[in-house]
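Observations on chain architecture
Spelled out, the chains give:
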Amino acid sequence: MKLILLGAPGAGKGTQAAFICQKFGIPQISTGDMLRAAVKAGTPLGLQAKAVMEAGQLVSDDLIINLVKERIAQADCTNGFLFDGFPRTIPQADAMKAAGVDLDYVLEIDVPFDAIIERMSGRRSHPASGRTYHVKFNPPKVEGKDDVTGEDLVQRDDDKEETVKKRLDVYSNQTRPLVDYYQAWAKQDPAKAPQYRAISGMGSVEEITARAFQALGA
Ligand code: AP5
Ligand code: ZN
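Since the structure is predicted, the reported quantities are computational estimates derived from the model, not experimental observations.

Conventions we followed
Every chain begins its residue count from 1, and numbering advances along the sequence as written. Starting at A for chains and at 1 for ligands, labels are handed out in the order in which the entities are written. In view of the model being predicted, local features appear only for residues whose pLDDT reaches at least 70, and side-chain atom pairs are presented and counted only at 80 or more, with totals across whole chains, interfaces and linings using the full set of residues. The side-chain figures draw on all heavy atoms in the structure; neither hydrogens nor water molecules are used. For each residue, the accessible area found with a 1.4 Å probe, counting protein chains only, is set against the maximum for its type, and the residue is called buried under 20%, exposed over 50%, and partly exposed in between. Counting from the N terminus, the helices are the DSSP runs of H or I reaching at least four residues and the strands are the DSSP runs of E reaching at least two. In this context, the arc is that of the directions from the helix axis out to the C-beta atoms. In what follows, residue pairs with any heavy atoms lying within 4.5 Å of each other are defined as contacts. Axes, fitted as lines to C-alpha atoms, cover a helix only where it is in contact. Angles between the N-to-C directions of the axes lie from 0 to 180 degrees. Note on angle classes: values under 35 degrees are labelled roughly parallel, values over 145 roughly antiparallel, values of 65 to 115 roughly perpendicular, and the remainder oblique. A clockwise turn of the near helix away from the far one marks a right-handed crossing, whereas an anticlockwise turn of less than a right angle marks a left-handed crossing. In this count, Pro and Cys sit with the nonpolar residues alongside Ala, Val, Leu, Ile, Met, Phe, Trp and Tyr, while Asp, Glu, Lys and Arg are called charged and the others, Gly among them, polar. For our purposes a nonpolar core is just a set of buried Ala, Val, Leu, Ile, Met, Phe, Trp, Tyr and Cys residues, chained together by side-chain atoms within 4.5 Å. If even one non-hydrogen atom of a residue comes within 4 Å of a molecule or strand, that residue is called near it. Distance and chemistry together define a polar contact, namely a pair of N or O atoms within 3.5 Å, with one atom able to donate a hydrogen and the other to accept it when in protein, and with adjacent residues in sequence counting only for side-chain atoms on both sides. Method for areas: the Shrake-Rupley scheme with a 1.4 Å probe, in which residue coverage is limited to the protein chains shown. UniProt positions are given in the numbering used here, feature names are shortened, and annotations may be inferred rather than shown by experiment.

**Looking at helix α9 (residues 205–215)**
- Listed in full, the buried residues belonging to α9 are I208, T209, A212, F213 and A215. Each buried residue of α9 sits inside an arc of 160° when the element is viewed along its axis, so together they form one side. Facing away from the buried surface of α9 by more than 90 degrees, the exposed residues are E206 and Q214.
- Turning to α9, the residues buried within the fold contact α1 (13–24), β4 (105–110) and β7 (195–200).
- Downstream of α9 by one or two residues, G217 has phi in the positive range, about 70°.

**Quick look at the packing of helix α6 (residues 113–121) against helix α7 (residues 161–175)**
- Packing of α6 against α7 brings their axes to within 11 Å, and their N-to-C directions diverge by 135°. As far as their axial angle goes, α7 and α6 are oblique. Where α6 crosses over α7, the two elements pack in a sense that is right-handed. In contact with F113, I116, I117 and M120 of α6, α7 contributes V164, R167, L168, Y171 and S172.
- Per-class residue counts for the contact of α6 with α7 are seven nonpolar, one polar and one charged.

**Thoughts on the nonpolar core**
- Counting 30 residues, the largest nonpolar core has L35, F81, F83 and Y182 as the members making the most contacts within it.
- Counting only elements with at least two residues in this core, the list comes to β1 (2–6), α2 (31–41), α3 (44–54), α4 (61–72), β3 (81–84), α5 (90–98) and α8 (177–188).
- Of the residues forming this core, the biggest block, six residues, is contributed by α8.
- Those residues in contact with F81 that lie beyond four places of it in its chain are M1, K2, L3, I26, P27, I29, I72, V101 and L103.
- Membership of the second largest hydrophobic core comes to 25 residues, among which are L3, I20, A212 and F213.

**Section: the site of ligand 1**
- Lining the immediate surroundings of ligand 1 are 36 residues, of which T15, Q57, R123, Y133 and R167 lie closest.
- Here V59 contributes a backbone N or O atom positioned 3.1 Å from a nitrogen atom of ligand 1.
- In this structure, an oxygen atom belonging to ligand 1 sits 2.7 Å away from a main-chain N or O atom of Y133.
- Protein burial of ligand 1: of its 1100 Å² of free accessible surface, 97% is covered by the chains.
- Looking at the shell around ligand 1, the elements that each hand over two or more residues are α1, α2, α6, β6 (131–134) and α9.
- Looking at the shell around ligand 1 element by element, the count peaks at four residues for α2.
- Its residues assigned to classes, the shell around ligand 1 shows 14 nonpolar, 14 polar and eight charged.

**A word on the UniProt feature "binding site: AMP" (unreviewed entry) in the chain**
- When the UniProt feature table is mapped onto this chain, "binding site: AMP" (unreviewed entry) is found at T31, R36, Q57, L58, V59, G85, F86, P87, R88, Q92, R156 and R167. Spanning 137 residues, the named residues do not form one spatial group; their C-alpha atoms are separated by as much as 24.5 Å.
- Tracing the backbone through its elements, the reader meets G85 in the loop between β3 and α5.
- Ignoring any residue separated from it by four or fewer positions in sequence, one finds G85 in contact with L5, K13 and T31.

**Brief notes about the UniProt feature "binding site: ATP" (unreviewed entry) in the chain**
- When the UniProt feature table is mapped onto this chain numbering, "binding site: ATP" (unreviewed entry) sits at G10, A11, G12, K13, G14, T15, R123, T132, Y133 and G203.
- Among the structural elements, G10 can be located in the loop between β1 and α1.
- Here G10 falls in the buried class, since its relative accessible area comes to 15%.
- Contacts of G10, omitting those with residues within four sequence positions, involve I116, R119 and M120.

In structure tokens:
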């Protein structure tokens, strides 16, 4: 199974990716998590990405495309993978097409922008695993601690209200056009294009997981 999870910042891509990846036994490829790890480790990629991410802008297509190509060449991707937060621009989507990456599904999670602001302000993450919680909607078992490791949870640097607004703008202008891109491709070349599915991302985490599984025929 090879699929793309598409959706605005804070739509719940990371939250649902964990369940979908477990179900299909595939790795989650989150370009956001990979970039945050690079920033934390202070690698050359991280040094380039840090300021861009804090401003809510997108890292350059070339950097991201190379990062993803290297990642999907690894052995654990043989049976498939889930893209979370990638592609995010038309050139990124074109690069996957040109590389002949055969995707089965594009699954869009749709959440209105006002709900997103509330979700991001309460988000807490465990950086090492990418696990995500919400102080009100999806709290950890022990406040401020990761359920699995017991390590501290942190608030992401780009979850400040101003940055969130910028990220939503960037989404509308640069990523949202991928909805039309994949829908048009599915119509034009149904044999080759990934199947397009859209679900509502409103409701409980469990309800959305059930919708996602149904949409993916799982
Ligand atoms: P990235 O990490 O991809 O961030 P994003 O797309 O902005 O998405 P988020 O991770 O913020 O949200 P999510 O949809 O995963 O939601 P989550 O499950 O956490 O990218 C960060 C930055 O990296 C970008 O701004 C850019 O600079 C750079 N970057 C990354 N990829 C790039 C690329 N391809 N090209 C260029 N630059 C790139 O949920 C959010 C909150 O809601 C959580 O607290 C969660 O607990 C809660 N929640 C989840 N589900 C529910 C529910 N059903 N009800 C209530 N609350 C819920
Ligand atoms: Zn995420």
